[in-house]
Amino acid sequence: MTDPSPTFRYPAARRDQIVDDYHGTPVPDPYRWLEDPQSDETRAFVAAENEITLPYLASLPEREPLAARMRETWDVPRTSAPVARNGVKVWSHNDGLADQPLLMVEDDSGERRVLIDPNTMSDDGAVAITQSSLSPDGALLAYNVAEAGSDWQVIRCVRTADGSNLDDEIRHVKFSEVTWHGDGFFYSRFPAVDPASTETVRNQTVWFHTLGTDQSEDRLVFENTEDPDPGYSAQLTPDERYLILIEWVGTSRANGVLYRPLDDDGAEWVRLVDPGVGQHIVLAHVDGAFVVHTDVDAPNGRIVRIPLDDTAGYTDVVGEGSNPIAAAGAAAGVLWILSLEDASHRIRLASLEGDDRGGIDLPEPGTIAEVTGRLQDPDIYVGFQSFLRPPSALRWSDGRTEVFAGAELPPIAGEIEIERDHATSTDGASVGMFVIRHCDTILPAPVELYGYGGFTIDLTPMFNPARLAFLESGGVVVSANLRGGSELGEHWHTQGMLGNKQQVFDDFAACAERVIERGIATPDTLAIRGGSNGGLLTAAVMLQRPELFAAVISQVPVADMLRYQLFTAGRYWTVEYGDAIEDPEAFEWLIAYSPYHRAADVDAATLPPLLITTAETDDRVVPMHSLKLAAALQQAAGGSSEQPLLVRVETRAGHGMGKPTSKLIEESADIFGFILHHCRP
């Protein structure tokens with residue numbers, strides 16, 4: 001659909017004569033100055049872009065009706081699975097429109113009350129509790145606090161009996177769990193840095209904090225003085241005999257494992273496995289052996305027994321099956337195994353010796369977001385959701401499943417149909433996708449084709465209130481299970497990483513062609529949307545196949561594929577993308593699809609309407625990616641265009657984690673209003 005608005009005129013962006021040499025190939029980088037988010041020039045550019053984008057989005061006639069309906073579809077209870085310790089249960093809960101979910105507590109009496117309300121911690125709802133950990137006796141809760149969507153967090157502690165806070169405060173923390181033991185807890189931290197810096201951080205170390213003491217008195221548990229790059233997370237075996245260190249390198253699932261007796265601080269660390277061999281998640285210690293979830297010699301995963309006196313010997317407890325194991329654990333005296341079947345979760349149970357113990361019934365095909373419980377306790381709690389069911393909590397005990405909280409379907413106008421379809425990609429592979437629409441929707445319709453395609457992230461059925469309003473407005477949602485995810489096992493992932501990344505883009509284009517072939521959409525009604533790695537996906541596919549789409553939404557995209565590793569968390573992604581600076585071969589495949597660099601080659605007149613979104617305090621995928629891409633595309637258009645090529649920059653928000661409900665609704669109304677406006681038949 002042609003936009004009736006006048007020509008878009010973009011702010012002038014200075015072009016510098018910066019040219020880098022990549023293994024003998026000169027590569028210009030004229031907008032390097034936009035990498036500094038604090039400079040006055042960058043701030044002025046952001047303000048000028050928002051002065052174009054925000055009024056335009058607000059003017060779209062589809063936007064306000066969508067926003068009004070989204071305030072209704074969002075206004076439903078959403079609950080996580082509780083963590084239970086010694087009769088005390090703690091979980092997160094949002095009644096509907098609160099900016100941040102509350103932390104709730106229940107004691108032996110069954111009384112449920114608010115333990116912590118993060119909405120009181122700021123005036124704009126931008127302070128979030130990102131995770132929490134309940135002490136073994138249930139008396140204390142450690143919780144991580146993040147502001148404005150930052151990955152940097154502060155750990156604090158509260159008494160569950162009365163909600164009073166302890167004085168303890170732990171800083172310099174990101175990508176860390178809290179593991180209780182005795183009179184304190186283990187955690188991971190980095191050296192002190194300016195939290196506003198975009199520099200990469202290294203040298204993560206593991207510490208033990210004793211309650212009631214200052215962080216400066218914490219005891220160093222582990223540091224790697226030879227290699228600053230790996231990260232570490234401390235865990236205990238359920239019998240509390242061993243302290244386990246999970247050693248991770250970037251986003252690779254092929255982690256290392258070290259262990260030592262928990263009761264001997266002077267004991268040497270013993271290496272169970274080096275990074276790079278395969279995934280190893282220790283589930284339990286039983287009779288001198290670790291029970292481990294691994295994908296070694298089993299791309300779909302298996303559960304094995306590894307004797308401590310013969311760590312090279314793997315004996316199957318639960319062998320590899322036809323469906324991938326997404327996660328596993330030990331609770332209620334059994335092993336729980338979470339598998340993927342046609343991109344939906346199933347959960348089955350087995351004894352510690354591998355004997356079948358049945359499964360946990362689920363309401364419909366959907367997503368299990370959490371499984372909680374201890375090996376010595378009788379209950380397993382499951383956080384479940386689906387396309388139509390808000391996040392809810394189920395409790396399994398002694399073969400019976402009941403609702404702990406939530407599980408009510410929201411009021412939805414009309415009957416919604418959920419169909420499983422498949423596209424054939426360029427190499428002949430079948431690529432699955434969910435198609436969701438109202439049964440009375442007239443086709444072809446405005447379609448949101450959503451994808452991610454990387455980092456083993458699976459697109460299973462998730463509740464999204466914004467999509468419900470879009471469906472009611474005559475839209476169709478298609479969620480694609482592309483290579484790069486692990487819906488079909490580790491092979492599905494590796495076929496979409498490093499030098500195989502183009503296959504992900506081809507998969508996405510094949511899904512678009514399938515939707516058009518079936519008459520669900522036409523190129524004039526089809527929009528694509530994705531965020532982060534999915535933002536890279538939509539930007540790259542738009543530049544390769546612009547004729548397929550009527551609108552493109554690229555949220556917090558990774559767009560500069562040659563320099564991404566130089567900023568904040570970017571160094572962790574080299575195992576997925578490759579490093580153009582260090583590896584000549586990686587440079588060749590990255591420069592071939594890097595959206596920022598390919599923008600210079602595009603005929604901007606062929607591009608569909610584009611909305612890029614980012615946030616000023618995103619310290620995961622820093623804003624420079626979006627800003628440089630927008631500047632390059634607007635330059636390719638000659639500084640103006642008939643169709644919008646816009647960037648929307650959010651304030652007081654990050655990569656998405658902890659974003660307030662109010663901001664989510666406003667952003668979603670902008671996005672789906674943009675799609676509806678440009679994709680009407």
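Undergrad: What should I look at first to understand the overall build of the protein in this one?
TA: What the protein contains, in helices and strands, is eleven helices and 41 strands. Taking 26 Å as the expected radius of gyration for a compact globule of 681 residues, we find that the protein reaches 25 Å, a close match to that expectation. Expressed along its principal axes, the backbone C-alpha trace of the protein runs to roughly 70 × 60 × 50 Å. Taking all 681 residues of the protein together, the buried fraction comes to 59%. Restricting to contacts in the protein with at least 6 residues of sequence separation, those with at least 24 account for 57%. Once the 52 positive and 104 negative side-chain charges of the protein are each reduced to a mean point, those two points are 2 Å apart.

Undergrad: Please explain the pairing of strand 21 (residues 280-286) as it appears in this structure.
TA: The two faces of a sheet get side chains in turn, since along a regular strand they alternate between them. Summarising burial for strand 21: six of the seven residues are buried, a large majority. Bridge count between strand 21 and strand 22 (residues 289-294): six bridges; the pairing is antiparallel. By the bridge assignment for strand 22, Val-282 is matched with Val-292. In this antiparallel pair of consecutive strands, strand 21 and strand 22, the connection spans two residues, and Asp-287 shows a positive phi of 50°.

Undergrad: What is the right way to look at the pattern of salt bridges in this model?
TA: Two side chains with opposite charge may pair up if their charged atoms get near one another. Inspection of every chain in the model, using the stated rule, returns 51 salt bridges. For Arg-32, the salt bridge goes to Asp-29, with nearest N and O atoms at 2.5 Å. In this structure Arg-32 comes out as buried when scored by relative accessible area, which is 18%. Each of Arg-63, Glu-64, Arg-71, Arg-648, Glu-650, Lys-663, Glu-666 and Asp-670 takes part in one network of salt bridges that share partners.

Undergrad: Mind showing me how you'd approach the sheet that holds strand 36 (residues 476-480) here?
TA: Strand-to-strand pairing in sheets goes through backbone hydrogen bonds, with the strands running parallel or antiparallel. Spatial strand order, 33-34-36-35-37-38-39-41: eight strands in an open sheet with mixed pairing. Two strands lie at the open edges of the sheet, namely strand 33 (416-424) and strand 41 (645-650), each paired on one side alone. Adjacent strand axes in the sheet meet at a mean angle of 20° when their direction is disregarded. The pairing of strand 34 (residues 430-438) with strand 36 spans four bridges and is antiparallel. The residue of strand 36 that forms the bridge with Ile-436 is Val-477. Strands in contact with helix 5 (residues 501-517) are strand 33, strand 34, strand 35 (447-450), strand 36 and strand 37 (526-531); relative to strand 33, the strand with the most contacts, it is inclined by about 120°. This element, helix 10 (residues 624-636), spans strand 39 (610-615) and strand 41 of the sheet and lies at about 150° to strand 39.

About the criteria used
Residues numbered from 1 in each chain as written. Predicted model: local features only at pLDDT ≥ 70, side-chain atom pairs only at ≥ 80, totals over all residues. Heavy atoms only, no water. Helix = DSSP H or I, 4+ residues; strand = E, 2+ residues; numbered from the N terminus. Rg over C-alpha atoms; globule rule 2.2 N^0.38 Å. Buried < 20%, exposed > 50% of the residue type's maximum accessible area, 1.4 Å probe, protein only. Contact = heavy atoms within 4.5 Å. Lys, Arg positive; Asp, Glu negative; His and termini not counted. Charge placed at Lys NZ, Arg CZ, Asp CG, Glu CD. Pairing = 2+ DSSP bridges. Salt bridge = Lys/Arg side-chain N within 4 Å of Asp/Glu carboxyl O. Axes fitted to C-alpha atoms, helices over the stretch in contact; angles between N-to-C directions.

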